[in-house]
Amino acid sequence: MKPAGFDLACPDTVAEALEVLTEHGGDARILAGGQSLAAMLNMRLATPKVLVDISGLGELSSIAEARGMIEVGAAVTQDQLLRWPGLPAQPLLAQVLPWVGHYQTRQRGTVCGSLAHGDPSSELPLALALLGGEVVLASRRGRRTVTAAAFQTGMMQTAMAEDEMIVAARFPVAGKGAASAFAEVGPRRGDFAIVAIAAVADDSGVTLGIGGVADTPAVRHLQWLNDEGLADALNAIAWDLRAGSDVHASAQYRRTLVRNLGAKVIREARDALSQG
Amino acid sequence: MRYLKADAGHPVSFTLNGRPVSGMAEPRTLLADFLRREIGQTGTHVGCEHGVCGACTVRIDGRATRSCLIYAVQAEGRSVETVEALAAGGELNDLQAAFRRHHALQCGFCTPGILMSLSQLIEEEPDAGEARVREVLTGHLCRCTGYHGIVAAALDVLAARKGNKDV
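About the cut-offs
Residues numbered from 1 in each chain as written. Chains lettered and ligands numbered in written order. Predicted model: local features only at pLDDT ≥ 70, side-chain atom pairs only at ≥ 80, totals over all residues. Helix = DSSP H or I, 4+ residues; strand = E, 2+ residues; numbered from the N terminus. Rg over C-alpha atoms; globule rule 2.2 N^0.38 Å. Buried ≥ 20, exposed ≤ 12 C-beta atoms within 10 Å, placed from the backbone. Pairing = 2+ DSSP bridges. Axes fitted to C-alpha atoms, helices over the stretch in contact; angles between N-to-C directions. Parallel < 35°, antiparallel > 145°, perpendicular 65-115°, else oblique. Left-handed = near helix turned anticlockwise from the far one by under 90°. Contact = placed C-beta atoms within 7 Å. Nonpolar A, V, L, I, M, F, W, Y, C, P; charged D, E, K, R; others polar. Core = buried A, V, L, I, M, F, W, Y, C linked by C-beta atoms within 7 Å. Expected span 1.5 Å × (residues − 1).

S.K.: I keep staring at the overall build of chain B and nothing clicks. Help me out?
M.R.: If you tally the helices and strands in chain B, you get 5 helices and 6 strands. Counting from the amino terminus, chain B carries its helices and strands in the arrangement β-β-β-α-β-β-β-α-α-α-α. For chain B, whose C-alpha radius of gyration is 16 Å, the value lies close to the compact-globule estimate of 15 Å for 167 residues. In terms of overall dimensions, chain B has a C-alpha envelope of 55 × 30 × 30 Å along the principal axes. The proportion of buried residues among the 167 residues of chain B is 46%.

S.K.: Can you help me understand the pairing of strand β3 (residues 50–53) of chain A in this one?
M.R.: Regular strands show a simple pattern: their side chains alternate between the two faces of the sheet. Residue and element names in this part refer to chain A. Residues Val50 and Val52 of β3 are buried on one face, and the alternating residues Leu51 and Asp53, pointing to the opposite face, are buried as well. As paired elements, strand β1 (residues 7–10) and β3 share 3 bridges and run parallel to each other. From the neighbouring strand, leucine 8 faces β3, where its bridge partner is leucine 51. Judged from the 4 bridges that link them, strand β2 (residues 28–31) and β3 form a sheet pairing that is parallel. Bridge pairing links isoleucine 30 to valine 52 in β3.

S.K.: In this structure, what is going on with the packing of helix α2 (residues 94–101) of chain B against helix α3 (residues 111–124) of chain B? I would like to understand it.
M.R.: All names here are of chain B. Axis separation between α2 and α3 bottoms out at 10 Å; the angle between their running directions is 125 degrees. Taken together, the axes of α2 and α3 are oblique relative to one another. As for how α2 packs across α3, the hand of that crossing is right-handed. Side by side, α2 and α3 meet where Leu95, Gln96 and Phe99 of the first sit next to Thr111, Leu115, Leu118, Ser119 and Ile122 of the second. Looking at the contact of α2 with α3, its residues break down into 5 nonpolar, 3 polar and no charged.

S.K.: Please explain the sheet that holds strand β1 (residues 2–4) of chain B as it appears in this structure.
M.R.: On the basis of which strands lie adjacent, the open sheet formed by 4 strands has the order β2(A)-β3(A)-β1(A)-β1(B) and mixed pairing. Each edge of the open sheet carries a strand with a single partner, namely β2 of chain A together with β1 of chain B. Neighbour to neighbour, the strand axes of the sheet diverge by 20 degrees on average, direction disregarded. Sheet topology note: the β1 of chain A/β1 of chain B ladder contains 3 bridges and is antiparallel. When the sheet's bridge partners are listed, alanine 9 of chain A is paired in β1 of chain B with tyrosine 3 of chain B. On the sheet, helix α1 (residues 14–24) of chain A packs against β1, β2 and β3 of chain A and is oriented at approximately 165 degrees with respect to β3 of chain A.

S.K.: Whenever I open this one, the interface of chain A and chain B confuses me. Can you help?
M.R.: It is common to give the size of an interface as the accessible area that goes away when the parts come together. Each partner contributes residues to the interface: chain A has 29 residues there, and chain B has 30 residues. Where the side of chain A that touches chain B is concerned, the elements lending two or more residues are β1, α2 (37–42) and α5 (103–106) of chain A. Take the side of chain A that touches chain B: its biggest share by element is 4 residues, from β1 of chain A. Residues that form the side of chain A that touches chain B fall into these classes: 12 nonpolar, 9 polar and 8 charged.

S.K.: Just checking my understanding: could you explain the pairing of strand β14 (residues 218–223) of chain A for this structure?
M.R.: Residue and element names in this part refer to chain A. As paired strands, strand β13 (residues 205–211) and β14 are joined by 6 bridges and run antiparallel to one another. Residue valine 206 lies in a different strand from β14, and its bridge partner there is leucine 222. Following β13, the chain reverses through 6 residues before pairing antiparallel with β14; glycine 212 in that reversal takes a positive phi of roughly 90 degrees.

S.K.: How do you make sense of the nonpolar core when you look at a structure like this?
M.R.: Considering soluble globular proteins, one finds that nonpolar side chains tend to be buried as a cluster. Judged by nonpolar contacts, the single largest core of 133 residues is most densely connected at Val52, Ala127, Ile166 and Ala199 of chain A. Residues contacting isoleucine 166 of chain A, with those up to four places away along its chain left out, are Ala74, Cys112, Leu115, Ala116, Val135, Val136 and Leu137 of chain A.

S.K.: In this structure, what is going on with α3 of chain B? I would like to understand it.
M.R.: Every α-helix winds through 3.6 residues per turn, so residues three or four apart in the chain are directed the same way. Between its first and last C-alpha atoms α3 of chain B spans 20 Å; for 14 residues at 1.5 Å apiece the expected length is 20 Å, and the two agree. Burial analysis of α3 of chain B places 12 of its 14 residues in the buried class, the great majority of the element. For α3 of chain B, the full list of buried residues reads Thr111, Pro112, Gly113, Ile114, Leu115, Met116, Ser117, Leu118, Ser119, Gln120, Leu121 and Ile122 of chain B. If you follow the buried residues of α3 of chain B, they end up packed against α5 of chain A together with β4 (57–60), β5 (63–66), α2, α4 (130–137) and α5 (148–161) of chain B.

S.K.: Would you mind showing me how to read the sheet that holds β5 of chain B here?
M.R.: The strands that make up a sheet pair up through hydrogen bonds in the backbone, lying either parallel or antiparallel. Residues and elements named next belong to chain B. Pairing is mixed in the open sheet, where 5 strands are placed in the order β3-β2-β6-β4-β5. In this open sheet, the two strands that pair with only one neighbour each are β3 (19–25) and β5. Pairs of neighbouring strands in the sheet enclose a mean axial angle of 40 degrees, with direction left out of account. With 4 bridges joining them, β4 and β5 adopt antiparallel strand pairing.

S.K.: Please explain the environment of arginine 134 of chain B as it appears in this structure.
M.R.: With respect to the helices and strands, the residue arginine 134 of chain B is situated in helix α4. Under the C-beta neighbour-count criterion, arginine 134 of chain B is labelled partly exposed, with 14 such atoms within 10 Å.

S.K.: How do you make sense of α5 of chain B when you look at a structure like this?
M.R.: All names here are of chain B. Helix length check: α5 (14 residues) gives 20 Å between terminal C-alpha atoms against 20 Å at 1.5 Å per residue, within 8%. Looking at α5, one finds that the buried residues are Gly149, Ile150, Ala153, Ala154, Asp156, Val157 and Leu158. Along its buried surface, α5 packs onto α2, α3 and α4.

S.K.: Just checking my understanding: could you explain the packing of α3 of chain B against α5 of chain B for this structure?
M.R.: How two helices sit against one another is set out by the angle between their axes and by the gap between those axes. Residue and element names in this part refer to chain B. Two elements in contact, α3 and α5, have axes separated by 11 Å at closest approach and are oriented at 30 degrees. When the interaxial angle is binned, α3 and α5 end up roughly parallel. Judged by the twist between their axes, the crossing of α3 over α5 is right-handed. Seen from α3, the contacting residues are Ile114, Leu118 and Ile122; seen from α5, they are Ile150, Ala154, Val157, Leu158 and Arg161.

Any functional reading would require information beyond the geometric quantities listed.
As structure tokens, this is what we get:
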């Protein structure tokens, strides 16, 4: 289908973008890469009156590491982050990014756009939640920093107000002596995952981030246990997340994936840890 | 700030396959529709219109992009390349010739998009192997070939361009 009509604002600065958002509120939407939003518009699942195109804003186009965080501007594409020379500072991002959409969509789709879209099965919200990252929001009223846990409030729902936009996301760099792993199962590589799980392990235990089951990415910390103990813990998590059935998968299949993918990423992260 | 009103035509100019083109587009006009209807270049195919099938993939400033997920007015001033660029002078290029040799197409609907993605891959990643080719192809749906011939054609061209093999 074709999108309904909309005005397209092409601000030259963030300040101008915020003016448009303030004026139009809920009738306006930020357009960055458009790899989720333009599809929703084509299907008329969204019919904003104004799109604010921030894809060309230089002040949102940088990636930088500072104070233990990798800060990614709102116009940075997933592909740009994947090719960023500093990425080894957070191996989980290097593991997750090749699974975000496809080669073709990553070249336009933005990191912050994925976070703003808030799909429960998408990889970047999962990574942000697991790593304990944060999102920087701006409006005419000022800027505020929101933790990943506070930012994503539900399925495709965030804590952003109607006059706010994401200007950057911050992913913590990997801690010393930490290792990570990621795995997902979907109908086709690049499609929405049915279940996606990431693990970050260190001497104290392993933290899992689980996407595709609950409305928002779930984060669970486990102490190191023997294999049987970990299997029991994964089984408890699988039930606790209250998986539902839909056209893609049954609740039972999702629980099976949580157990099996969970065991796989824990094993991989532990192996990486022991290889140091 | 450039502000384009809905339901009005706005002038759009960009470079298409090395030549300047221009036309009028509403903000909501998809680049794919602009290419086909306003410019009359129908090599780019429109399949699902929500970024899943990959048939409409073109290259914008060299990057493989869904032309159904970008508006024509966003192409202003850029360099757009479509399947029409490949057979310069009416001769199939090496990738197209390899597609024919390996039976990498049957109905041909998906082919223009796949050619544009693989063109970028082959240019930028001369060392790409089968796994990488298959990963790039996950962004395309082909319901005829089973992908086997497409993968073989891409690997053939990668090898040939490295000088390892005659095509």
